[in-house]
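The primary structure of each chain is shown beneath.
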Amino acid sequence: MELKLKDLRYLVAVADLRHFGRAAARCFVSQPTLSAQLKKLEQSLGVQLIERTPNNVSLTTAGEEIVARARRILEASDEVVTLARSQRDPLAGRLRVALLPTIGPYLLPHVAPVVRRSLPRLQLRLYEYQTAPLLEKLHAGELDVGILALPVELAGLESRELYREAFLVALPERHALAARDTVRVADLKGETLLLLEEGHCLRDQALEVCSRAGVRDAQDFRATSLETLRQMVATGAGVTLLPQLAVRGAYRSARGVVLRPFTRPTPVRHIGAVWRKSSARHAAIDALCELIAEHAQ
């Protein structure tokens, strides 16, 4: 039998969305067309792939295993097309870039205008994910490059450090430490540390920095963003650590919050790029990395 890539794309879309209508919309075909093609695929393979009920769409065991392999086939086929295009013009076309929520909003204003000027034929598709889903989508071929905090597990991936970003301590404006020009990590002993929710690597980094100083984690509070952390500090609920890019501009004078640098050795986080070793977009990724490394700080 002959497998068709479009049928595999239909199957993967159903696996992702668990809905025939939304899967058809993603694939730009009608629902009857998608459903009929998947029926033909099952008949050709001689095995049921999808369990269909009025209110639920799920994959059979065979369907799950075949979808996993279909993803790899589709990734390889996309790489073939991308490689051919990149050979014609390696700095043109689409580049799918994902950034951490604690990086993207603060880095992009500095580098996006430069990228548009320096790489005008490169079309950046920007996404925002936490570390785990970012790496998962990178491995699955849904992204070309991720900008995140290093180190991470690099099985099948390559990485490059782009810049180092110092942490500052954010204090309520009436806090005793606000009168100092710099703060030692040890000065935070006994303070309540406000943190992001589970899944944010910045949470783990802040805990690592403060663990030796006896700082208390605020167990009843988990923030979804750096802006929430900043507002909670302003209320006097505790202190937090913020990366340097996140405190530039208007945020530096946020009402109710005082920002102080740490004494040396200053705690930092390492920001880098990761991409698949098999990627056909090395030239575009290298060019993007050079611009980020040059203009991030």
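The notes below deal with the structure included here.

Some thoughts on the overall build of the protein
- Looking only at helices and strands, the protein features nine helices and eleven strands.
- Expressed as lengths along the three principal axes of its C-alpha atoms, the size of the protein is roughly 75 × 45 × 30 Å.
- Scored against the burial criterion, the 297 residues of the protein give a buried share of 46%.
- Taking all contacts inside the protein whose residues are at least 6 apart in sequence as the whole, residues at least 24 apart take part in 75%.
- For the protein, the accessible area works out to roughly 15300 Å², and carbon and sulfur atoms hold 51% of it.
- Distance between charge centres in the protein, computed from 41 positive and 33 negative side chains, equals 4 Å.

Quick look at the environment of Ile147
- Locating Ile147 in the fold gives a position in strand 5 (residues 145-150).
- Take Ile147: its relative accessible area is 1%, and that puts it in the buried class.
- Each C-alpha atom of the pair Ile147 and Leu188 lies 30 Å from the other, and the pair is 41 residues apart in sequence.
- Look past the residues within four positions of Ile147 in its chain and what remains in contact with it is Val97, Ala98, Leu99, Leu100, Ile103, Leu107, Leu134, Leu162, Ile271, Gly272, Ala273 and Ile292.

Side note on helix 5 (residues 104-118)
- The first and last C-alpha atoms of helix 5 sit 19 Å apart over 15 residues, in line with the 21 Å expected at 1.5 Å per residue.
- Considering bend angle alone, the principal kink of helix 5 is centred on His110 and spans about 40 degrees; proline Pro113 follows within four residues of it.
- Those residues of helix 5 that sit buried are Gly104, Tyr106, Leu107, Val111, Ala112, Val114 and Val115.
- As for helix 5, its buried residues are in contact with strand 3 (93-99), strand 4 (122-128), strand 5, strand 6 (157-172), helix 8 (226-234) and helix 9 (282-295).

Some points on a positive patch on the surface
- Among the surface-exposed residues, Arg85, Arg88, Arg94 and Arg125 lie close enough to one another that they form a single positively charged patch.
- Considering the arrangement of structural elements, one finds Arg88 in helix 4 (residues 61-88).
- The exposure class assigned to Arg88 is exposed, which follows from its relative accessible area of 64%.

Brief notes about a nonpolar patch on the surface
- Taken together, Met1, Leu3 and Leu45 make up a surface patch of nonpolar side chains, about 300 Å² in accessible area.
- Structurally, the position occupied by Leu45 is in helix 3 (residues 31-45).
- On the accessibility criterion, Leu45 (33% relative accessible area) is partly exposed.

Comments concerning the pattern of salt bridges
- By the definition in use, this model includes 15 salt bridges.
- Glu165 serves as the salt-bridge partner of Arg269, at 2.9 Å between the closest nitrogen and oxygen. Linking Arg269 in strand 11 (residues 268-276) with Glu165 in strand 6, this pair joins segments that are 104 residues apart in sequence. The same class applies to Arg269 as to Glu165, namely buried.
- Between Arg230 and Glu227 there is a salt bridge, with the nearest N and O atoms lying 3.2 Å from each other. One end of the pair, Arg230, and the other, Glu227, are both in helix 8, three residues apart, so they sit about a helical turn from each other.
- Judged by relative accessible area, which is 2%, Arg230 ranks as buried.
- On the basis of relative accessibility, which here comes to 27%, the residue Glu227 falls in the partly exposed class.

Conventions and cut-offs
- Residues numbered from 1 in each chain as written.
- Predicted model: local features only at pLDDT ≥ 70, side-chain atom pairs only at ≥ 80, totals over all residues.
- Heavy atoms only, no water.
- Helix = DSSP H or I, 4+ residues; strand = E, 2+ residues; numbered from the N terminus.
- Buried < 20%, exposed > 50% of the residue type's maximum accessible area, 1.4 Å probe, protein only.
- Contact = heavy atoms within 4.5 Å.
- Areas by Shrake-Rupley, 256 points an atom, 1.4 Å probe, with all protein chains shown as cover.
- Lys, Arg positive; Asp, Glu negative; His and termini not counted.
- Charge placed at Lys NZ, Arg CZ, Asp CG, Glu CD.
- Expected span 1.5 Å × (residues − 1).
- Bend = angle between axes of the 7 residues up to and from the residue.
- Patch = residues over 30% accessible without salt bridge, like charges linked within 9 Å, V, L, I, M, F, W, Y side chains within 5 Å.
- Salt bridge = Lys/Arg side-chain N within 4 Å of Asp/Glu carboxyl O.

These figures come from the coordinates and say nothing about function on their own.
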